[in-house]
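# Notes for the structure review
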Amino acid sequence: MDTTVARKRLEEMRGDLDRSISILQGERPAPLAGAGYPQDSADAGSNLSETDRTEAILHSARSQRNEVLAALSRIEENTYGRCVDCGIEIPEGRLDARPDAARCVACQAKHARRHR
Ligand SMILES: [Zn+2]
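Residues numbered from 1 in each chain as written. Predicted model: local features only at pLDDT ≥ 70, side-chain atom pairs only at ≥ 80, totals over all residues. Heavy atoms only, no water.

For the rest of this paragraph, the subject is the overall build of the protein. Along the backbone of the protein there are four helices and zero strands. Counting helices and strands in the order they occur from the N terminus, the protein gives α-α-α-α. Going through the 116 residues of the protein one by one, you find that 24% of them count as buried. Taking as baseline every contact in the protein between residues at least 6 positions apart, the subset at least 24 positions apart corresponds to 61%. Total accessible area on the protein stands at roughly 8,100 Å², and carbon and sulfur atoms take up 51% of it. (Helix = DSSP H or I, 4+ residues; strand = E, 2+ residues; numbered from the N terminus. Buried < 20%, exposed > 50% of the residue type's maximum accessible area, 1.4 Å probe, protein only. Contact = heavy atoms within 4.5 Å. Areas by Shrake-Rupley, 256 points an atom, 1.4 Å probe, with all protein chains shown as cover.)

In this section: the coordination of the zinc ion. Distances from the zinc ion to its protein donors, Cys 83 (SG), Cys 86 (SG), Cys 104 (SG) and Cys 107 (SG), fall within 2.3 Å. Of note is the zinc ion, whose four donor atoms meet at the metal with angles of 102 to 116 degrees in an arrangement that counts as tetrahedral. Coordination of the zinc ion draws on donor residues from a single chain, spaced C-x2-C-x17-C-x2-C in sequence. Pair noted here: Cys 86 is in the loop between helix H2 (41–76) and helix H3 (92–97) and Cys 104 is in the loop between H3 and helix H4 (105–114), with a separation of 18 residues, a long-range link. (Donors = N, O, S within 2.8 Å, 3.2 Å for Na, K, Ca; no water. Tetrahedral: all angles 85-135°; square planar, octahedral: opposite > 155°, others 65-115°.)

Looking now at the environment of Cys 83. One can find Cys 83 in the loop between H2 and H3. Since its relative accessible area comes to 4%, Cys 83 is described here as buried. As for Cys 83 and Cys 104, which are separated by 21 residues in sequence, their C-alpha atoms are 5.4 Å apart. Apart from the residues lying within four places of it in its own chain, the contact partners of Cys 83 are Ile 88, Ile 90, Ala 102, Arg 103, Cys 104 and Cys 107.

Counting through the fold element by element, Arg 74 comes out in helix H2. In this structure Arg 74 is buried but unpaired, with Glu 67 as the nearest side chain of opposite charge at 5.8 Å. A distance of 3.3 Å separates a polar side-chain atom of Arg 74 from the backbone oxygen of Ala 101. Contacts of Arg 74, omitting those with residues within four sequence positions, involve Thr 79, Tyr 80, Val 84, Asp 100, Ala 101 and Ala 102. (Lys, Arg positive; Asp, Glu negative; His and termini not counted. Salt bridge = Lys/Arg side-chain N within 4 Å of Asp/Glu carboxyl O. Polar contact = N/O pair within 3.5 Å; in protein donor to acceptor, adjacent residues only side chain to side chain.)

With that out of the way, let us pick up helix H1 (residues 4–27). In this model, H1 (24 residues) spans 35 Å end to end at C-alpha, consistent with the 34 Å of a helix rising 1.5 Å per residue. By the burial criterion, the buried members of H1 are Ala 6, Leu 10, Met 13, Leu 17, Ile 21 and Leu 24. (Expected span 1.5 Å × (residues − 1).)

Have a look at this one:
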């Protein structure tokens with residue numbers, strides 16, 4: 001299969017994720033910021049949830065970046081487009097929608113269930 005387009009899209013995705021991750025990391029307060037300053041508990045509470053939210057977004061951006069990097073290395077190894085679990089060819093429509101898809105729909109569903 002022709003992986004030129006997939007590679008280009010994956011590299012764009014990686015670039016976007018890199019930018020998002022560095023922006024999110026910039027927004028995240030330093031661990032000791034505010035230490036030594038009295039804070040009322042309402043403020044501390046809202047800061048915490050904001051940090052949690054940023055952490056959650058960062059976490060999903062990082063894991064998506066890992067998926068994209070893994071897909072790029074599958075292109076290098078000529079295994080791109082095959083399900084990493086069962087080895088069947090992933091339908092092109094699925095790869096169009098998700099160039100970083102590592103599994104066919106059936107294996108992805110099983111994988112998602114195992115990790116919930
Ligand atoms: Zn599969």
